[in-house]
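Structural overview for review
The chain contents come next:
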Amino acid sequence: MSVDLKRAEEMVEKEAPVATDEEAPEILRTLAAWRGSAEEVAADEAFWALVRRLFPTDRTMLNLNNGGVSPAPVSVLAAMKRHLDHANLAPALILWEVLEPRREEVRERLARVFGCDPEEVALMRNASEALETCQLGIDLAPGDEVLTTTVDYDRMLTAWGQRARRDGIAIRKFSLPLPSGRGGEGWAHDDEIVELFARHITGRTRVIHLSHAVYLTGQILPVRRIVELARRHGIPAFVDGAHAFAHLDFCHADVGCDYYAASLHKWLNGPHGTGMLFVRRDAIPALWPLMAAPESMAGDIRKFEEIGTHPEAPYLAVLEALDLHEAIGASRKAARLRYLRDRWARRLLADRRVSLLTSLAPGAACGFATFQVEGRDPEDLVERLWDRHRIFVNPITHPEFTGVRVTPSFYTTAAEIDFFAAAVEGELAGPIPSKL
């Protein structure tokens with residue numbers, strides 16, 4: 001047994017046991033009643049130890065890739081099982097007559113958190129499906145242009161690429177200036193980013209596609225200003241909120257967009273395979289669904305949910321994920337994520353070889369960041385962190401930059417963050433290995 005694995009197992013033994021589904025409601029009530037400002041609670045390990053008890057994760061590894069897909073708490077898992085068991089009693093009756101109508105409660109709760117009309121929220125399987133509904137559902141003609149960036153999500157760029165091959169539209173991509181330095185000095189200010197979007201708009205631009213938080217680095221873009229820019233030109237803006245919803249403390253009024261897509265299995269910790277699409281009510285009729293819906297549903301947000309037979313359990317269990325999100329509070333959750341990010345990032349920056357591709361300036365990013373080590377292959381470092389320390393992080397290999405993306409969750413402990421930082425320091429202490 002390696003020393004680090006032994007240490008991980010010792011940490012598990014010191015923790016309180018994972019809560020049962022029956023204990024979860026009392027924990028949620030305690031969290032909701034907890035006193036203190038967001039910044040005070042962010043550093044209160046007693047509060048987060050209670051949160052930690054709700055997650056039945058593998059304690060012998062350190063998962064710092066929660067940005068890919070996050071674990072669900074015990075209450076969500078138990079709810080999914082209840083709904084699956086219920087549906088299995090008489091599927092054709094219970095799925096369609098009992099469980100499907102309960103979607104409306106989920107729709108209403110999501111709308112309340114996002115700050116919009118429930119009739120503008122569709123339940124999807126992920127952010128990709130939500131975005132592709134917009135990308136493939138909007139009418140475009142040969143020669144029309146879509147404006148986006150080189151750091152938008154690969155899958156979405158692939159979708160636009162297919163549309164270009166099929167329909168003869170043009171995709172215009174430009175690079176965003178990303179921080180690269182000591183603590184992220186030199187990060188692009190909002191004015192510069194808005195100006196870049198404005199400079200690349202042409203008379204043929206028909207769609208602007210942008211990320212709320214860049215998946216590669218966590219950089220937050222000035223979405224509202226870009227949406228307003230697009231609106232002045234009569235251009236719809238599709239916003240990829242996969243890494244923003246239930247991560248950043250915001251609501252729809254803060255972004256003001258007509259189209260917004262989110263994952264619910266990332267920062268909301270909902271069931272795997274759940275997402276959300278917001279479409280402004282008067283924009284619904286002109287957007288085609290991915291799968292055909294009757295003409296009578298042209299103005300109905302539910303037309304985007306016409307995908308045939310599917311389990312209702314994941315969607316209904318989103319309610320329990322929302323319960324946890326609201327018990328913690330969006331501002332306290334975001335403050336905790338920033339606290340954990342700064343704890344490892346500022347420590348690693350003590351090494352002059354380390355730089356960030358994410359600014360630590362207020363408002364520039366939130367819970368995750370990407371770092372580089374001069375002369376070090378990020379894939380090699382990621383391999384070593386896993387093989388030697390059972391720490392799971394994500395290598396970033398973009399054509400314009402490389403690095404290691406670190407995405408803790410709010411259930412991650414301060415001790416785990418310190419363990420990660422110490423492991424990186426240990427790997428950097430010896431001679432830099434070279435790959436053959």
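Refer to the structure above for everything that follows.
Residues numbered from 1 in each chain as written. Predicted model: local features only at pLDDT ≥ 70, side-chain atom pairs only at ≥ 80, totals over all residues. Heavy atoms only, no water.

The next subject is the overall build of the protein. Helices and strands together make up the secondary structure of the protein, namely 17 helices and 13 strands. Computed over its C-alpha atoms, the radius of gyration of the protein comes to 22 Å, within 12% of the 22 Å expected for a compact globule of 436 residues. Within the protein, contacts between residues separated by at least 24 positions form 73% of all contacts whose residues are at least 6 apart in sequence. Surface exposure of the protein reaches about 18100 Å², of which carbon and sulfur atoms provide 53%. Within the protein, the 63 negative side-chain charges are centred at a point lying 3 Å from the centre of the 51 positive side-chain charges. (Helix = DSSP H or I, 4+ residues; strand = E, 2+ residues; numbered from the N terminus. Rg over C-alpha atoms; globule rule 2.2 N^0.38 Å. Contact = heavy atoms within 4.5 Å. Areas by Shrake-Rupley, 256 points an atom, 1.4 Å probe, with all protein chains shown as cover. Lys, Arg positive; Asp, Glu negative; His and termini not counted. Charge placed at Lys NZ, Arg CZ, Asp CG, Glu CD.)

Bringing the sheet that holds strand β8 (residues 275–279) into the picture now. Hydrogen bonding along the main chain pairs the strands of a sheet, whether they run parallel or antiparallel. If you trace the 7 strands from one edge of the open sheet to the other, you get β2-β8-β7-β6-β5-β3-β4, paired in mixed fashion. Each end of this open sheet is capped by a strand with a single partner; those strands are β2 (121–124) and β4 (170–174). For this sheet the average axis-to-axis angle between neighbouring strands, irrespective of direction, equals 20 degrees. Where β2 lies against β8, 4 bridges are found, and the strand directions are antiparallel. From the neighbouring strand, Met124 faces β8, where its bridge partner is Gly275. Against the sheet, helix α7 (residues 103–114) makes contact with β2, β7 (259–263) and β8, and its axis sits at roughly 115 degrees relative to β2, the strand it touches most. Here helix α10 (residues 190–200) sits on the sheet in contact with β3 (145–149), β4 and β5 (205–211), set at roughly 150 degrees to β4. (Pairing = 2+ DSSP bridges. Axes fitted to C-alpha atoms, helices over the stretch in contact; angles between N-to-C directions.)

A word on the pattern of salt bridges. In this structure the tally under the stated criterion is 41 salt bridges. Across the salt bridge formed by Glu320 and Arg82, the nearest N and O atoms sit 3.8 Å from each other. Here Glu320 is found in helix α14 (residues 318–328), whereas its partner Arg82 is found in helix α5 (residues 74–89), with 238 residues between them in sequence. On the basis of relative accessible area, Arg82 is assigned to the partly exposed category, the value being 42%. Put simply, Arg376 and Asp380 hold a salt bridge, and the shortest N to O gap is 3.4 Å. Considered together, Arg376 and Asp380 belong to a single accessibility category, that of buried residues. (Salt bridge = Lys/Arg side-chain N within 4 Å of Asp/Glu carboxyl O. Buried < 20%, exposed > 50% of the residue type's maximum accessible area, 1.4 Å probe, protein only.)

What follows covers the sheet that holds strand β12 (residues 394–398). Here we have 4 strands laid out as an open sheet, ordered β9-β10-β13-β12, and antiparallel in their pairing. A strand with exactly one partner marks an edge of an open sheet, and here the two such strands are β9 (354–356) and β12. Across this sheet, the average inter-strand angle for adjacent strands is 35 degrees, counted without regard to direction. Across 3 bridges, β9 lies against strand β10 (residues 369–373) in antiparallel orientation. From the neighbouring strand, Val354 faces β10, where its bridge partner is Val373.

Moving on: the pairing of β3. Here β3 lies mainly inside the structure; 5 of its 5 residues are buried. Sheet topology note: the β3/β4 ladder contains 5 bridges and is parallel. Directly across from Glu145, in β4, lies its bridge partner Ala170. Note on the crossover from β3 through helix α9 (residues 154–167) to β4: the handedness is right-handed. Here 3 bridges tie β3 to β5, and the two strands are oriented parallel to one another. Bridge assignment links Glu145 to a residue of β5, and that residue is Thr205. (Right-handed = clockwise from strand over helix to strand, strands pointing away.)

The values are spatial; any link to function lies outside them.
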